[in-house]
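# Understanding the architecture of this molecule
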Amino acid sequence: MLDQNPQPFVEIRGLCKWYGDFSALHDINLNVALGEKVVVCGPSGSGKSSLIRCINQLEAHQKGTIIVDGIEVTPDMKNKEKIRREVGMVFQSFNLFPHMTILANLTLGPMRNRGASKSEARELAMHYLNRVHIAEQADKYPAQLSGGQQQRVAIARSLCMKPKIMLFDEPTSALDPEMIAGVLDVMIELAEEGMTMVVVTHEMGFARRVADRVVFMDEGEIIEVAEPEPFFNTPQSERAKLFLSQLLGH
Amino acid sequence: MQGRVAAPTPRSLRQREDTGLDMAVVRRILWQVLQASLVFVGLAYLIWRGAAAMEYNWQWYRVEPFFYRIIDGEIIWGPLVKGLIQTLKLAAIAGVIAITIGFITAFARLSNSIAGRIIAKVYLEAIRNTPLLVQLFLFYFVLAPIFGIDRFWAGVLTLALFEGSFAAEIIRGGIVGVDKGQFEGADAIGLTLVDKYRFIIVPQSLPLILPPLTGLTISLIKHSAIVSVIAVSELTTAGLNLIADTFMAFEVWFLVAGIYLAVTITLSVGVSLFERSLNKSKR
């Protein structure tokens with residue numbers, strides 16, 4: 001109903017999720033095509049994070065199907081590991097490994113999961129650190145970096161796994177205002193290179209510039225899906241209108 | 001109200017102002033050290049007077065051979081040193097087994113396996129709710145003959161099982177104490193379960209696990225004295241034998257206690273230095 005893409009890379013059908021008796025997601029249907037950029041927004045508690053965390057099974061769903069790159073996502077351990085190597089994830093709170101240097105944070109995944117040698121992994125890591133503009137910090141520990149730098153490292157760490165899709169869970173929400181632009185710039189560059197992206201964010205400038213579609217969620221349901229310009233200028237649903245007026249109101 | 005713009009002072013030009021040594025604080029610390037010393041001197045005096053009243057014959061000059069003798073220019077270690085070595089050996093082996101049991105039990109309790117969780121829980125409750133002495137007798141008189149285990153290993157295994165139950169809870173607490181985001185970060189790059197714990201979770205739980213585990217090792221060294229009741233040769237057994245030979249109960253028990261104290265204090269200082277270097281590397 002909401003999507004007519006011929007070849008979805010991610011296909012979500014009838015997805016339902018509960019926390020105990022609380023319905024977190026209800027009958028979610030969403031397709032994401034290869035190369036597409038989808039921005040998910042909505043008020044807090046609307047299920048945005050739960051939705052993208054189901055895609056790489058950081059959280060289990062109870063009903064419905066999720067298919068990523070032709071593989072159905074199940075709670076089976078081997079299946080989860082396989083999916084997660086295709087799907088990169090960037091968190092609000094970075095989740096870098098504080099006991100490892102930046103370089104070690106980046107090389108761990110390729111060395112353990114992709115069978116890369118130490119020098120190959122190092123080369124790969126430096127390549128992506130260059131891309132996020134912090135190659136000179138490679139030997140520092142995460143705590144020595146600013147929040148914005150840490151988030152860029154987290155993006156590079158995901159990219160080292162050569163994912164086919166990147167999920168972003170409010171990547172700029174925990175950052176000081178002056179750090180946000182650097183992270184968004186990296187994400188825009190990534191988008192321009194054709195990465196498939198699902199981004200939970202309230203950065204409307206980013207959404208306008210990058211998104212192919214905006215998905216608006218409320219109370220665990222998808223309320224509205226539209227291209228960014230029509231969505232921000234003339235939202236159709238009452239709830240989206242209310243949400244946008246609150247977002248812009250101050 | 002009028003606006004105001006301050007002329008900035010560059011950081012490099014700001015002088016740090018420190019107050020010097022505060023003599024009042026120094027005097028107070030000295031006074032408190034003096035108070036503590038007075039209490040200890042008083043206690044020592046009471047013990048000495050008590051012993052004198054009993055007409056106890058102190059024979060400190062006789063204790064040297066308890067440690068070592070020199071015969072033909074060769075050092076022969078005495079019973080206390082040999083006992084100490086046995087105690088350290090006993091505690092080291094039991095400690096390694098206890099920590100291994102601790103990790104296995106902790107992971108079993110955290111696992112999805114219902115069987116694993118039940119076995120771990122039964123083990124923990126059984127060990128922690130029965131006296132160590134009873135466990136030792138049970139092991140030595142019942143299980144050891146069945147499985148053909150000698151008294152040294154009966155002692156080692158009893159201690160390991162006992163301390164292992166405490167180690168398990170310490171380790172579980174350390175693992176649970178690691179930030180949830182770290183588990184997700186490891187999951188998100190597709191690490192296997194084993195790799196996740198090996199590279200991410202366990203290294204970060206060590207600062208949480210190590211201090212209480214030191215306490216456990218210290219209590220293991222102290223608890224090892226209990227195996228003297230099944231006549232395993234170690235420090236306390238050596239002390240008992242010396243008293244039987246020489247009747248120097250006061251001297252020997254002071255020495256034995258002093259040796260335990262020296263070992264445990266050395267251990268805790270060593271570990272706190274190690275911890276400090278661990279924390280430093282994290283910065």
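Preceding this paragraph is the structure being described.
Below, the structure is looked at part by part.

## Brief notes about the overall build of chain B
Within chain B one finds ten helices and two strands. Along chain B, helices (α) and strands (β) appear in the sequence α-α-β-β-α-α-α-α-α-α-α-α when read from the amino end. Against the 2.2 N^0.38 benchmark of 19 Å for 283 residues, chain B shows a C-alpha radius of gyration of 27 Å, more extended than a compact globule. Expressed along its principal axes, the backbone C-alpha trace of chain B runs to roughly 90 × 65 × 40 Å.

## Quick word on the packing of helix α3 (residues 102–113) of chain A against helix α5 (residues 147–159) of chain A
All names here are of chain A. One way to put it is that α3 packs onto α5 with a least axis distance of 8 Å and a crossing angle of 25°. Relative to α5, the element α3 is oriented roughly parallel. In the packing of α3 onto α5, the handedness of the crossing is right-handed. Between α3 and α5, the contacting residues are I102, N105 and L106 on the first element and V153, A156 and R157 on the second. The residue makeup of the contact of α3 with α5, split by class, is four nonpolar, one polar and one charged.

## Digging into the packing of aromatic side chains
Scanning the model with the defined rule gives 16 aromatic pairs over all chains in all. Considering the side-chain rings of F216(A) and F231(A), the 6.0 Å spacing of their centres and the 35° angle between planes classify their relative orientation as tilted. Placement of F216(A) in strand β9 (residues 213–218) and of F231(A) in helix α8 (residues 228–233) is noted, with a sequence separation of 15 residues between them. Comparing F216(A) with F231(A) shows no difference in burial state: the two are buried. Ring centres of Y140(B) and F141(B) lie 5.0 Å apart, and the angle between their planes is 65°; this geometry places the pair in the edge-to-face category. Three or more aromatic residues link up through ring pairs in this structure, and these residues are Y56(B), W58(B), W60(B), F250(B) and F254(B). Sitting over the ring of Y19(A), K17(A) keeps its end group 4.6 Å from the ring centre. Positioned over the ring face of F97(A) is R157(A), at 4.4 Å from the centre of the ring.

## Examining the sheet that holds strand β3 (residues 37–41) of chain A
Residue and element names in this part refer to chain A. Spatially, the six strands line up as an open sheet ordered β6-β7-β8-β3-β9-β10, and their pairing is mixed. Each having just a single partner strand, β6 (87–90) and β10 (221–226) make up the two edges of the open sheet. Between one strand axis and the next, the sheet turns through 20° on average, direction left out of account. Sheet topology note: the β6/strand β7 (residues 165–169) ladder contains four bridges and is parallel. Bridge assignment links V90 to a residue of β7, and that residue is F168. Each of β6 and β7 touches α5; the most contacted strand, β6, lies at about 170° to it. Here helix α9 (residues 238–249) sits on the sheet in contact with β3, β9 and β10, set at roughly 100° to β9.

## As for the interface of chain B and chain A
Contacts between chain B and chain A engage 22 residues on the former and 22 residues on the latter. Broken down residue by residue, the surface that chain B buries against chain A is led by E184(B), A188(B) and I189(B), which jointly contribute 28%. In this assembly, chain B and chain A are joined by three salt bridges. In this structure, R112(A) engages D195(B) in a salt bridge whose closest nitrogen and oxygen atoms are separated by 3.0 Å. Breaking the side of chain B that touches chain A down by element, the ones donating at least two residues are α7 (180–188), α8 (193–223) and α10 (249–282) of chain B. Tallying contributions element by element places α7(B) first for the side of chain B that touches chain A, with eight residues. Of the residues assigned to the side of chain B that touches chain A, the class counts are eight nonpolar, seven polar and seven charged.

## A word on the pairing of strand β2 (residues 22–33) of chain A
Residues and elements named next belong to chain A. As judged from the eight bridges shared by strand β1 (residues 8–19) and β2, these two strands associate in the antiparallel manner. Residue pairing across strands places W18 opposite S23, the latter belonging to β2. The antiparallel hairpin formed by β1 and β2 contains two residues in its connecting segment, where G20 sits at a positive phi of about 65°.

## What to know about helix α5 (residues 132–147) of chain B
Residues and elements named next belong to chain B. In the structure, α5 departs most strongly from a straight axis at F139, where the bend amounts to approximately 35°. Among the residues making up α5, those that are buried are L132, Q135, L136, F139, Y140 and A144. Buried residues belonging to α5 abut α4 (114–128), α6 (151–176) and α8.

## Structural notes on the sheet that holds strand β5 (residues 71–72) of chain A
All names here are of chain A. Strand order in this open sheet of four strands is β2-β1-β4-β5, and the pairing throughout is antiparallel. Two strands lie at the open edges of the sheet, namely β2 and β5, each paired on one side alone. Here five bridges tie β1 to strand β4 (residues 63–68), and the two strands are oriented antiparallel to one another. In the sheet register, C16 faces β4, and the bridge partner there is K63.

## Comments concerning the side chain of T236(B)
Residue and element names in this part refer to chain B. Considering the arrangement of structural elements, one finds T236 in helix α9 (residues 235–246). Residue class for T236 comes out buried when judged on its relative accessible area of 9%. Setting aside its immediate chain neighbours within four residues, T236 contacts A225, S228, W253 and Y260.

## A short note on the layout of surface pockets
Empty space within the largest pocket amounts to approximately 680 Å³. For the lining of the largest pocket, a count of residues per class yields ten nonpolar, three polar and seven charged.

## Brief notes about a nonpolar patch on the surface
All names here are of chain B. A cluster of nonpolar side chains, namely L133, F137, L138, F141, V142, L143, I146, F147 and V229, defines an oily patch on the protein surface of about 840 Å² accessible area. Relative to the helices and strands, I146 is located in helix α5. The exposed category is assigned to I146, whose relative accessible area is 58%.

## Here's the deal with the packing of α3(A) against helix α4 (residues 118–131) of chain A
Residues and elements named next belong to chain A. Between α3 and α4, whose axes approach to 9 Å, the crossing angle comes to 125°. Taken as axis vectors, α3 and α4 run oblique relative to one another. Every pair of crossing elements has a handedness; the one defined by α3 and α4 is right-handed. Mapping the contact onto sequence places I102, L103, L106, T107, P110 and M111 in α3 and K118, A121, R122, L124, A125, M126 and L129 in α4. Here the residues of the contact of α3 with α4 are counted per class, giving ten nonpolar, one polar and two charged.

Rules and cut-offs
- Residues numbered from 1 in each chain as written.
- Chains lettered and ligands numbered in written order.
- Predicted model: local features only at pLDDT ≥ 70, side-chain atom pairs only at ≥ 80, totals over all residues.
- Heavy atoms only, no water.
- Helix = DSSP H or I, 4+ residues; strand = E, 2+ residues; numbered from the N terminus.
- Rg over C-alpha atoms; globule rule 2.2 N^0.38 Å.
- Axes fitted to C-alpha atoms, helices over the stretch in contact; angles between N-to-C directions.
- Parallel < 35°, antiparallel > 145°, perpendicular 65-115°, else oblique.
- Left-handed = near helix turned anticlockwise from the far one by under 90°.
- Contact = heavy atoms within 4.5 Å.
- Nonpolar A, V, L, I, M, F, W, Y, C, P; charged D, E, K, R; others polar.
- Phe/Tyr/Trp six-rings, centres within 6.5 Å; stacked < 30°, edge-to-face > 60°.
- Buried < 20%, exposed > 50% of the residue type's maximum accessible area, 1.4 Å probe, protein only.
- Lys NZ or Arg CZ within 6 Å of the ring centre and 35° of its normal.
- Pairing = 2+ DSSP bridges.
- Buried area = accessible area lost by both parts, 1.4 Å probe.
- Salt bridge = Lys/Arg side-chain N within 4 Å of Asp/Glu carboxyl O.
- Bend = angle between axes of the 7 residues up to and from the residue.
- 1 Å grid on protein atoms, 1.4 Å probe; cavity = no way out; pocket = protein on both sides within 12 Å on 5 of 7 lines; lining within 4 Å.
- Points joined across faces, edges and corners; volume = space filled by probe spheres on them.
- Patch = residues over 30% accessible without salt bridge, like charges linked within 9 Å, V, L, I, M, F, W, Y side chains within 5 Å.
- Areas by Shrake-Rupley, 256 points an atom, 1.4 Å probe, with all protein chains shown as cover.

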